[in-house]
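Descriptive structure summary
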Amino acid sequence: MFSSGQSSRGRCALCSRDVSFSTHRAGVLRSPADVAPKLFPLPPPLPIGTQALNMFSLQGGALTLVDAPGYGHARAPDVVRREWQRMLRAYLQNSSLIRRAFVLVDCRRGLLDTDRQMMQLLDESRCTYQLVLTKSDLITPVQLSELASRTADELRTTPHIACYPAIMSVSS
């Protein structure tokens, strides 16, 4: 599994929903050539900003969750953000083991150009992905339904060869 989105808060919400805290961190990749260090306990997710590709071993090593740096609101110099993009592109294009990526979309903003760029990169990499609407507790159920409908319409009208059609939502 691979998760990427505008900010770390939504990814943390998804991780805390789907990953138990008995999980162990499998390693941190600061560049595509890094070797993962030994396992250590995973702390509860915090919105502190992901700085590298963080890999978490799940189900006794049967599954690995990869958390990528946010591509929207990162408070980092442009040179650092470009390095994250280079590392992310290299990882996606060279990893045949990714079964599903999750593109996390802030419900208050909807799909942004940066989300569409990530979707295009995933399509080009032939990496199956699914959209997850995050922070759904910050808008009304009617607004969430309308956003999900608009997002589904965009997915139907714009070809995204690797996008899984079901849209999920999580609260922050």
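Residues numbered from 1 in each chain as written. Predicted model: local features only at pLDDT ≥ 70, side-chain atom pairs only at ≥ 80, totals over all residues. Heavy atoms only, no water.

1. Thoughts on the overall build of the protein chain
Each helix and strand counted, the protein chain has four helices and eight strands in total. When the helices and strands of the protein chain are read in sequence order from the N terminus, they spell out β-α-β-β-β-β-α-β-α-β-α-β. Here the protein chain, with 172 residues, has 46% of them falling under the buried criterion. Across the protein chain, every contact between residues at least 6 apart in sequence was considered, and the portion connecting residues at least 24 apart equals 71%. A total of about 9,300 Å² of accessible surface is found on the protein chain, and carbon and sulfur atoms cover 53% of it. (Helix = DSSP H or I, 4+ residues; strand = E, 2+ residues; numbered from the N terminus. Buried < 20%, exposed > 50% of the residue type's maximum accessible area, 1.4 Å probe, protein only. Contact = heavy atoms within 4.5 Å. Areas by Shrake-Rupley, 256 points an atom, 1.4 Å probe, with all protein chains shown as cover.)

2. Concerning unusual backbone geometry
For residues that are not glycine, phi is negative in most cases, and the peptide bond is trans in most cases. Even without a glycine there, the phi angle at Arg 126 is positive, about 55°. Judged by its relative accessible area of 62%, Arg 126 is exposed. Not every positive phi belongs to a glycine, and Lys 135 is a case in point at roughly 60°. Note that Lys 135 resides in the loop between strand S7 (129-134) and helix H4 (141-157). Lys 135 sits in the buried class, given a relative accessible area of 9%.

3. As for helix H3 (residues 113-124)
Look at H3: 16 Å from first C-alpha to last across 12 residues, which is about the 16 Å you get at 1.5 Å a residue. At the exit of H3 stands Arg 126, carrying a positive phi of roughly 55°. (Expected span 1.5 Å × (residues − 1).)

4. Comments concerning the packing of helix H2 (residues 78-94) against H3
Contact geometry for H2 and H3: axes closest at 9 Å, N-to-C directions at 30°. Touching Leu 88, Arg 89, Leu 92 and Gln 93 of H2 are Met 118, Leu 121, Leu 122 and Glu 124, all from H3. Counted by class, the contact of H2 with H3 contains five nonpolar, one polar and two charged residues. (Axes fitted to C-alpha atoms, helices over the stretch in contact; angles between N-to-C directions. Nonpolar A, V, L, I, M, F, W, Y, C, P; charged D, E, K, R; others polar.)

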